[in-house]
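This is what each chain is made of:
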Amino acid sequence: TEMCSDLTERVLLYLDGHERVDTLHLAVLFRVDHQKVIGAVKSLQAVGDLVSVEQMVHKEWKLTDEGRKVAENGSHEAIVYKAVPLQGILLSDLTNNVPDLKIGFSKAMSYGWIKVTKQGKDSLVTRKVESITDVVQEHLRDILTDNSSQVDDEHKQVYCKRKLLQELTIRSYQLTKGKDFTISVEKAQSDLTVEMVASGSWREEKFKPYNLDALGAPLNCGHLHPLLRLRAEFRQIFLEMGFTEMPTNNYIENSFWNFDALFQPQQHPARDAHDTFFISNPQISSHFPPEYLQKVKQVHSKGGYGSQGYGCDWKIEEAQKNLLRTHTTAVSARMLYLLAKEGFKPSKYFSIDRVFRNETLDATHLAEFHQVEGVIADYSLTLGDLIGTLYEFFNKLGITKLQFKPAYNPYTEPSMEVFCYHAGLGKWIEVGNSGIFRPEMLLPMGLPEDVNVIAWGLSLERPTMIKYGLNNIRDLVGAKIDLQMVHNSPLCRLEKNGTLGTDVIQM
Ligand code: PHE
């Protein structure tokens, strides 16, 4: 059997030759950390009644960093006194010579060590006594050299108030021999091994009792970023409402699905390089469903389905251009096309993923962000369905008051911006954009004529920043974020009865 660890053995040996000892004393004697001695005592206690243990509380006086400086260089008031030469000094010069003059000066005045006389606009400081005794320094030196009993309690309190001294409470253990005291302890086994079972030696072994109070080892696991925490919450809400997640795992799109399928004219300013990141390699896509492409071309250039179109040339070269998708509505378009192709049935889709826009960067805008998007396709949906669905959706986020403002999107008609009243901020804030997809978008896909599609989108970053009380997007995303912030961020739960995040708003 293995002998007990070195330190526990030394504790027992010491106790063998002495009646009692304090763990603090042992720590000094063995030159080890007090906590290590306590650990050894604890493991002795686990074996049996080897040592009796009594907890002790000691008070100890300890100088603060500033107190140590005073012990070395003298008190603030003595420093001021010494800085005043026999012939006196102008107050303005004294101020320049002595850093932190204030404390020392008023003390030296009140002790009557120095005096001040007016001299023109300035004042002359002179010594009032021939010599001084720096009692504060002497006292602190006494304490530093373990002579704290020399200093009376009243003075100690004063030094505590001056933040030169502090009283520490130290807990230790007084050890005496227990009823099973011995100096030869077998180390109790902490593990039942295969070998013990195979040889049968486990029958003779002593086992450590379970320590059910032991703290578990901290798990070194990853932490969800606040954006991903909020994404999980949004996803939960969509799933509760019966939505299916769309596959958004393609940051690269082509203009056809990002713009043309959405009836966004080829001359639309949003396609401009100022808003869109075009891809240079590979620069173009060339596979499109040919029949559908013809219909898209037709509706853009000549119109159809009761629409007059844009009356402009539609060029395949423009549609072929690859880009970083500017919205997840590109994915919605692909999904709706698929839905029509595979045989329409009422469907609800959602996605939460990254989009890219070539924007001017500032405290609230980056060139990439996340869009939360919901789409419902069903027979005879109306604007009332859209408004009702938005109320239901935002209600689940804890937002109960909504207002709608007419807006314009090339692919929806009507379109509405969504505002909510934010009690924490005390104002109406824009939370999203929404609309009913145009027939010019849906009918070329082959969706039945009596099917309508309502949809809405919002950013993930904005509610996350409100929720976590951040007002600079760079604190949330990018190379400069504080990983500790990610580590510490609380679980995200949107309030179910109240307004979004009122409890964390610090703006
Ligand atoms: N795609 C829109 C945007 O980028 C959001 C939106 C989605 C609007 C669906 C209406 C319908 O802001």
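Calculation notes
Residues numbered from 1 in each chain as written. Predicted model: local features only at pLDDT ≥ 70, side-chain atom pairs only at ≥ 80, totals over all residues. Heavy atoms only, no water. Domains from an automatic or database assignment. Axes fitted to C-alpha atoms, helices over the stretch in contact; angles between N-to-C directions. Helix = DSSP H or I, 4+ residues; strand = E, 2+ residues; numbered from the N terminus. Parallel < 35°, antiparallel > 145°, perpendicular 65-115°, else oblique. Contact = heavy atoms within 4.5 Å. Nonpolar A, V, L, I, M, F, W, Y, C, P; charged D, E, K, R; others polar. Salt bridge = Lys/Arg side-chain N within 4 Å of Asp/Glu carboxyl O. Buried < 20%, exposed > 50% of the residue type's maximum accessible area, 1.4 Å probe, protein only. Pairing = 2+ DSSP bridges. Core = buried A, V, L, I, M, F, W, Y, C linked by side-chain atoms within 4.5 Å. Near = heavy atom within 4 Å. Polar contact = N/O pair within 3.5 Å; in protein donor to acceptor, adjacent residues only side chain to side chain. Areas by Shrake-Rupley, 256 points an atom, 1.4 Å probe, with all protein chains shown as cover. Patch = residues over 30% accessible without salt bridge, like charges linked within 9 Å, V, L, I, M, F, W, Y side chains within 5 Å. Lys, Arg positive; Asp, Glu negative; His and termini not counted. Charge placed at Lys NZ, Arg CZ, Asp CG, Glu CD. Left-handed = near helix turned anticlockwise from the far one by under 90°.

**Student:** Even after reading the chapter, I still don't get the domain arrangement of the chain, so can you show me in this structure?
**Tutor:** Buried accessible area, meaning the area lost when the parts come together, often serves as the stated size of an interface. Annotation of the chain at the domain level lists domain 1 (6-61 + 167-203), domain 2 (76-133) and domain 3 (227-250 + 326-504). For domain 1 and domain 2, the distance between their C-alpha centres works out to 58 Å.

**Student:** Teacher, can you tell me more about the packing of helix α1 (residues 6-17) against helix α3 (residues 34-47) here?
**Tutor:** The relative placement of two packed helices comes down to the angle between their axes together with the axis-to-axis distance. Taken N-terminus to C-terminus, the directions of α1 and α3 make an angle of 80°; their axes are 9 Å apart at the nearest point. Put simply, α1 runs roughly perpendicular to α3. Residues Leu7, Thr8, Val11 and Leu12 of α1 lie in contact with α3, whose contacting residues are Lys36, Val37, Ala40, Ser43 and Leu44. Split into classes, the residues belonging to the contact of α1 with α3 amount to 6 nonpolar, 2 polar and 1 charged.

**Student:** Got a minute to help me understand the pattern of salt bridges in this structure?
**Tutor:** Working definition: two side chains of opposite charge can pair if their charged atoms are close together. Going through the model one piece at a time under the given rule, you end up with 12 salt bridges. Between Arg235 and Glu245 there is a salt bridge, with the nearest N and O atoms lying 3.0 Å from each other. Of the two residues, Arg235 sits in helix α11 (residues 226-240) while Glu245 sits in strand β7 (residues 244-245), which places them 10 residues apart along the sequence. A relative accessible area of 33% means that Glu245 is categorised as partly exposed. A salt bridge links Arg354 to Glu368; the shortest N-O distance between them is 2.4 Å. One end of the pair, Arg354, is in strand β10 (residues 347-356); the other, Glu368, is in strand β11 (residues 368-379), and 14 residues separate them in sequence. For Glu368, a relative accessible area of 30% gives the class partly exposed.

**Student:** I tried to follow the sheet that holds strand β2 (residues 51-63) on my own but got confused; where do I start?
**Tutor:** Within a sheet, each strand pairs with its neighbour through backbone hydrogen bonds, oriented either parallel or antiparallel. With antiparallel pairing, the 3 strands of this open sheet are ordered in space as β1-β6-β2. The sheet terminates laterally at β1 (20-22) and β2, the two strands that pair on one side only. When the angles between neighbouring strand axes are averaged without regard to direction, this sheet yields 25°. Relative to strand β6 (residues 165-177), β1 runs antiparallel, the two being bridged by 3 bridges. Opposite Val21, over in β6, you have Leu175 as the bridge partner. Along the sheet, α3 makes contact with β2 and β6, crossing β6 at roughly 30°.

**Student:** Would you mind going over the nonpolar core with me for this structure?
**Tutor:** Where a protein is soluble and globular, its nonpolar side chains tend to be buried together. In this structure, Phe234, Val372, Leu390, Phe393, Phe394 and Trp456 are the most contacted members of the largest nonpolar core, which totals 36 residues. Looking at this core, the elements that each hand over two or more residues are α11, β10, β11, α16 (383-396), β13 (412-422), β14 (427-437), β15 (451-459) and α18 (461-467). It is α11 that provides the largest number of residues to this core, a total of 5 residues. With 31 residues, the next largest nonpolar core counts Val296, Tyr349, Leu442 and Leu447 among its residues.

**Student:** Just to check I follow, could you spell out the site of the ligand for this structure?
**Tutor:** Close contacts around the ligand come from His327, Thr329, Arg357, Gln371, Glu373, Asn409, Tyr411, Asn433, Ser434, Ala455, Trp456 and Gly457, and that covers them all. A distance of 3.3 Å separates a nitrogen atom of the ligand from a polar side-chain atom of His327. At a separation of 2.9 Å, an oxygen atom of the ligand approaches a polar side-chain atom of Gln371. For the ligand, the accessible surface in isolation is 320 Å², of which the surrounding protein chains cover 91%. Counting residues per element, the shell around the ligand draws most heavily on β15, at 3 residues. By residue class, the composition of the shell around the ligand is 3 nonpolar, 7 polar and 2 charged.

**Student:** Just checking my understanding: could you explain a negative patch on the surface for this structure?
**Tutor:** A surface patch of like charges, here negative, comprises Asp152, Asp153, Glu154 and Glu167. Along the chain, Glu154 falls in helix α9 (residues 153-161).

**Student:** Just checking my understanding: could you explain the sheet that holds β14 for this structure?
**Tutor:** Taken together, the 7 strands give an open sheet; going across it, the order is β7-β10-β11-β15-β14-β13-β12, and neighbouring strands pair in mixed fashion. This sheet does not close on itself; its edge strands, each paired only once, are β7 and β12 (402-409). The pairing of β11 with β15 spans 9 bridges and is classified as antiparallel. Bridge assignment links Val375 to a residue of β15, and that residue is Ala455.

**Student:** How should I be thinking about the packing of α1 against helix α2 (residues 23-30) in this particular structure?
**Tutor:** For the pair α1 and α2, the least separation of the axes is 12 Å and the interaxial angle reads 115°. With respect to α2, the element α1 is oriented roughly perpendicular. When you trace α1 past α2, the crossing you get is right-handed. From α1, Leu7, Arg10, Val11 and Tyr14 reach across to α2, where they touch His25, Leu26, Leu29 and Phe30. Each residue belonging to the contact of α1 with α2 can be placed in one class, and the counts come to 6 nonpolar, 1 polar and 1 charged.

**Student:** Would you take a moment to explain the pairing of β14 for this structure?
**Tutor:** A regular strand places its side chains on the two faces of the sheet in alternate fashion. Where β13 meets β14, 9 bridges bridge the pair, whose relative direction is antiparallel. Pairing of Met416 across the sheet is with Ser434, part of β14. Between the end of β13 and the start of β14, which pair antiparallel, lie 4 residues, with Gly426 showing a positive phi angle near 70°. Inspection of the sheet shows β14 paired to β15 by 4 bridges, in the antiparallel sense. Bridge pairing links Ile436 to Ile454 in β15.

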